[in-house]
Each structure stands twice: as C-alpha cells, then as structure tokens.
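A structural walkthrough
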Amino acid sequence: MTTTILTEKLASNYVGGEWLPSESADSFEITNPATSEPLATFALAGTQDVAKAVASAKAAFPAWRRTPPEDRIQYLFAFKQLLEAHFSDIARTTTLENGKTLSESKAELRRGIENVEVACGIPTLMQGYNLEDVSSGIDEIMIRQPLGVVAAITPFNFPAMIPLWFLPYAIACGNTFILKPSERVPLTARKIFELLHETGLPRGVVNLVVGAKPAVDAFLHHPDVRAISFVGSTPVAKYIYVEGAAHGKRVQCQGGAKNHVVIMPDADVEMAAKVVSDSAFGCAGQRCLAVSTAVMVGEAREKFSAAILDLASTLRVGNGLEDDVQMGPVISPASKTRIERSIATGIESGGQALLDGRDARVEAGNFLRPTVLTGLGSNHALATTEIFGPVLTLEPAGDLDDAIATISKNPYGNAASIFTTSGAAARKFRYEVPTGNVGVNIGVAAPMAYFPFSGWKDSFLGVLHGQGRDAVEFYTDKKVVVERWPKEWSRKF
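Residues take numbers from 1 onward in each chain, read along the sequence in its written order. Local features are withheld for residues below a pLDDT of 70 in this predicted model, meaning they are given only at 70 or higher, and side-chain atom pairs are given and counted only at 80 or more; totals for whole chains, interfaces and linings count all residues. As a rule here, side-chain values come from all non-hydrogen atoms in the structure, and water together with hydrogens is ignored.

**Some words on the environment of Lys80**
Basically, it comes down to this: Secondary structure elements are taken from DSSP: a helix is a run of H or I of four residues or more, a strand is a run of E of two residues or more, and numbering for both begins at the N terminus. Two residues qualify as a contact provided that any one of their heavy atoms is within 4.5 Å of a heavy atom in the partner residue.
Within the secondary structure, Lys80 is located in helix α2 (residues 69–85). For Lys80 and Ser417, which are 337 residues apart along the polypeptide, the C-alpha to C-alpha distance reads 32 Å. With residues up to four places along the chain from it excluded, the contact list for Lys80 reads Ile113, Val116 and Glu117.

**Description of the packing of aromatic side chains**
As a reminder of what qualifies: Between 30 and 60 degrees the pair is tilted, below 30 it is stacked and above 60 it is edge-to-face, where a pair is any two Phe, Tyr or Trp rings, Trp via its six-membered ring, whose centres lie within 6.5 Å. Burial classes follow relative accessibility: with a 1.4 Å probe on protein chains only, a residue under 20% of its type's maximum area counts as buried, one over 50% as exposed, and anything between as partly exposed. Two limits define a charge over a ring: the Lys NZ or Arg CZ must be within 6 Å of the ring centre, and within 35 degrees of the ring normal.
Under the counting rule described, the total for this entry stands at eight aromatic pairs. Both rings, one in Tyr14 and one in Phe193, keep their centres 5.9 Å apart while their planes meet at 65°; by these two values the pair is edge-to-face. Note that Tyr14 is positioned in strand β2 (residues 13–15) and Phe193 in helix α7 (residues 186–198), a separation of 179 residues in sequence. Judged on exposure class, the residue Tyr14 and its partner Phe193 are both buried. Both rings, one in Trp64 and one in Tyr75, keep their centres 5.8 Å apart while their planes meet at 55°; by these two values the pair is tilted. Taken together, the residues Trp64 in helix α1 (residues 47–65) and Tyr75 in helix α2 connect sequence positions eleven residues apart. The ring of Phe158 has Lys100 lying over it, and the distance from NZ or CZ to the ring centre is 3.8 Å.

**Topic: the environment of Glu488**
Inspection of the secondary structure puts Glu488 in the segment after β23 (476–484). Judged by its relative accessible area of 67%, Glu488 is exposed. With 239 residues separating them along the chain, Glu488 and Lys249 place their C-alpha atoms 44 Å apart.

**What to know about the nonpolar core**
As a reminder of what qualifies: In plain words, nonpolar cores are sets of buried Ala, Val, Leu, Ile, Met, Phe, Trp, Tyr and Cys residues tied together by side-chain atoms within 4.5 Å.
Grouped together as the largest cluster of nonpolar side chains are 105 residues, with contacts concentrated most on Phe177 and Phe304. Residues within four places of Phe177 in sequence aside, it is in contact with Val150, Ala152, Phe166, Leu167, Ala170, Ile171, Val205, Val206, Asn207 and Tyr475. Val209, Ala218, Phe219 and Val251 belong to the second largest nonpolar core, which has 24 residues in total.

**As for the environment of Trp165**
Quick note on the threshold: In the analysis that follows, any N or O atom pair within 3.5 Å is treated as a polar contact, provided that within protein one partner can donate a hydrogen and the other can accept it, and provided that, for residues neighboring in sequence, both atoms belong to side chains.
Structurally, Trp165 is set in helix α6 (residues 163–172). In this structure the C-alpha to C-alpha distance between Trp165 and Ala152, which are 13 residues apart in sequence, comes to 9.5 Å. Once residues within four sequence positions are removed from consideration, Trp165 is found in contact with Asn115, Val231, Phe453 and Gln467. Separated by 3.2 Å, the side chains of Trp165 and Gln467 make a polar contact.

**As for the sheet that holds strand β16 (residues 371–374)**
For sheets, the rule is that strands pair by backbone hydrogen bonds, running either parallel or antiparallel. As a reminder of what qualifies: Strand pairing follows a simple DSSP-based rule, namely that at least 2 bridges must link the two strands. With axes taken as lines fitted to C-alpha atoms, and helix axes fitted only over the stretch in contact, angles between N-to-C directions fall between 0 and 180 degrees.
Reading across from one edge, β15-β16-β17-β14-β13-β19-β20 is the order of the seven strands in this open sheet, with mixed pairing throughout. Among the strands making up the open sheet, the edge pair consists of β15 (352–355) and β20 (437–440). Ignoring which end each strand starts from, the neighbouring axes of this sheet average 25° apart. Bridge analysis of strand β14 (residues 291–297) against strand β17 (residues 391–397) gives five bridges, and the strand direction is parallel.

**Regarding the pattern of salt bridges**
One side chain can pair with another of opposite charge once the charged atoms of both are near each other. The condition is simple: Salt bridge criterion: a side-chain nitrogen from Lys or Arg within 4 Å of a carboxyl oxygen from Asp or Glu.
Using the criterion set out here, one finds 20 salt bridges in the structure. Across the salt bridge formed by Glu114 and Arg111, the nearest N and O atoms sit 3.0 Å from each other. Here the residue Glu114 and the residue Arg111 both occupy positions in helix α4 (residues 102–119), the gap between them amounting to three residues, near one helical turn. On the basis of relative accessible area, Glu114 is assigned to the buried category, the value being 16%. Judged by relative accessible area, which is 21%, Arg111 ranks as partly exposed. The closest approach of N and O atoms between Glu183 and Lys180, which form a salt bridge, is 3.6 Å. Salt bridges linked by common partners bring Lys80, Glu84, Arg110 and Glu117 together as one network.

**Quick look at the sheet that holds strand β6 (residues 129–135)**
Pairing in this open sheet of three strands is antiparallel, and the strands run β6-β7-β23 from one edge to the other. Looking at the sheet topology across the chains shown, the edges are occupied by β6 and β23. With direction set aside, neighbouring strand axes in the sheet form an average angle of 25°. Where strand β7 (residues 138–146) and β23 come together, nine bridges link them in antiparallel fashion. Across the sheet, the residue bridging to Asp139 is Glu483, located in β23.

Just geometry here; none of it tells us what the structure is for.
Right under this line is the structure:
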C-alpha cells in the first residue's frame, strides 16, 4: 500500500467471497495521520449491506458447521502462512492509516498471528467430556456446537490484532463470521480479507462490512446474528451490551481503561521508568493497556519523576515509517484537539504540567509530544477519564495500601502493574488489586493468546473474554446428552 490517492470509492464490503459496493451513498475519506494526505475513500455500509452479509453467513453456516474441525483449521494454517508472507506489507499499511511506528505495527500483527496459531488447536480446545453410568446403564456427555452467525466490531487503534482476537476462534469453532472494523482504518482489514480469500475458504464463512453506527445497529437488531464481540470506549460498550442483550444476543464488550502502575521504593526505578515510558507513550497512548497513572510510593517519587521526565522529553516524535521515530501521531485532528483540551483542563484546575506536549512543532499530521501531569489527585475528573493519548499522570502514595486504595476507587479495572523487589508486596498487590490484568515488574502488557484478555468493572461487560479458552466458550453452545440403551425397557433406573 502506498500513499497514492485513490480517487474512486473502494468496494468496502467482502460478502459471499466477493468485493461488493455499498448500497449506501455515504462515504469516508481515509487519511494518513502523520501527513494528513488522503489514502482512499470508502463507501460506508448501511443496513442493507449488513443484511446481505448476514444472509451470506447464514447460508454458509450449515455446510461449515458440518466441516470437521481438523479440516476447518487447515484454512487457518494457510492463513497463518499468508500473514507471514505479507507481514511487512500489512504492517506498513497499519502505520499508514493508523500512524503508529512500523515496529509497533509489526508487534501488533505478531500478537494477532499468535491467536491464529492458538485457534489451530481447536480440535482439542473444543472437546467436551463424558461420564458413564451416571445412573445404572445411563451415560451422559457434554458436546460443544457452534452458535451460527457471529460478528465483531473493532476499533481503530489495533486494526490488525484485535480482529484476530475473534475471527480465528469463531470460524475454527464452526461459526460464520462478519467483521465491522473501524471506518477510520479499513485498509488493514481489507488486506487481511484479501489473504483470507486466497486460502480458499468457502464463500460466506468470513465477511467484511465497513460502516459506522447504522451498521452497528443493524447487527444489534438482526435476528440471525447470534453473538457480538466489541472493543472500544466504555459508553459505546455499554450501549452495545444492553442493546445486544435486549435482542437475545451473546455479547462480550471490552471497554475503556485507566491503568495504574505502582512504583515501590525498593524498585529498580531506572528500569521501571523505561518500561512505563514505553507503555504510556507507545502507540501515542492510544491503547486500552497504556499506563495512564504512575503511583509513586514514598521515596520513589523524586527518583521516578526525574527518570520519567528525562525519557519522555527525549522521545523522537514523527512519521512512523521513519526508522528513528519512537512515537507517531494520534489518529485524527479531532482526537488531537480532545487530548489538548484534557491537558488544558488538568492545568486550569490546579494540576502542573511537568512536560507539556501540546506544542509538537511537527509539520502537518496530528502530532502531540508526551505530556506528564502532576498535582491532580485521585478525585480529579481526569483521574477517571480515559484520555487515550500520550498523557501520563504522576500521583504520590504513602504506602502500598494507599496505592491499592487509589486504584480501587477508579471505575475502570482493565490492568495494573507494580514494580518491586519484595515478593510479599507483589503478592499483596496481585491478591488485592481490583483489575483483570495484573503485571509484576512488567509494563501493562497484553496477555498471550492462550490466556483470556481480562478486564473488570467498567472495562468489560460480559462473562467470557476474548482469546484462548474463553473464546472457545463464547463461540460455542454446550449441549448435554443423556443416553440409555437397555436390553429390556423399564422405568426403573
């Protein structure tokens, strides 16, 4: 993918094995966040387009569910090889439309491929269980069966990885699948579906529609969509969860976050600062696992503040395709303006900017530099606002109990980490902190593909998370069969 301007609207929907134009007259221009240069114009899908995709997936389901799991995963093996062969091209496309650095795009795609690899184990992961003689001559078995048509609605910040949290597991379990990526970053999804087409998957097993809220509502209301997966902001997650459940769908919604990292006095402060800098400012802070607040316990405050400021002030900001760039732009001018307003609000209400990134001095593009704020306190509005940009807040704490109390007050519960050399402190933190993902001497990192991507409180709505065994549970129904084959019939058991 180059930065050549595409003057014609691209056929945005992959339905029934074909690229189809949208029925809607609405369109969306994709621009490079680093240069503001147009990349392509996409026709946005509407209700009729979603209906076509659902009909295609529904028609393909009966034959696909009867395809043995061992045969289904052969397509995933082929898909994995194609992703590897086109690795650099897909990563570059992600950088062009999202803005993150090329190394970040490559790391994202690698994590997505790991999910394809795990889903290739579906013949084992999908197994049920049984027990003979639950009563005399009666056996009982539990088997898993696919749901039918399932859909995923994914965000702009990880256009390669997040769709692969869902698609491989869904189709390996025997479902047919529809992806609605963010309309701001459809080019990566398009490349992924071009590769899926090359695998020879039966028509209708995977489908793609690029749309905005009308397409989302069409999924929520369509009676043939059995399950919906979503990743995005908490307000939208709550809307999708409530609306989807009201229409009888199985729903999993990963929402927003406000992730804390605790720096204990006995920590290796220099190393902790390097890890926190990467986590807070990587992908320009546009990820649900970015560190938002560093809680500095006791005498760690002075050392950590100096170390993080030194690192943040020297990060190289620019076009993610350039080799020496460490942080790219945010996704859009609107996002840049919103983040700048958040910084201004923090300063105007008594906070102090130890490092103010609003004057990026980078030509064109949606650039900010890293920002470090202090003096806000855990009750400030920004302490519970997901800024979703390169902004780190520093907050002191008297001891570990105070630090855990600060995290506990936050409405989000996605992730938290601690840096310490004390096993007792680490265990206490792991045991008491109310977040679904916990790090010890590691940045706020995404779980490996064979573990669930957990999240608590306002960071997740549902029961079963994405990835690993949770994904298999989400994409299958359990059926319990009780059998009796007597030589002579009686009503006595």
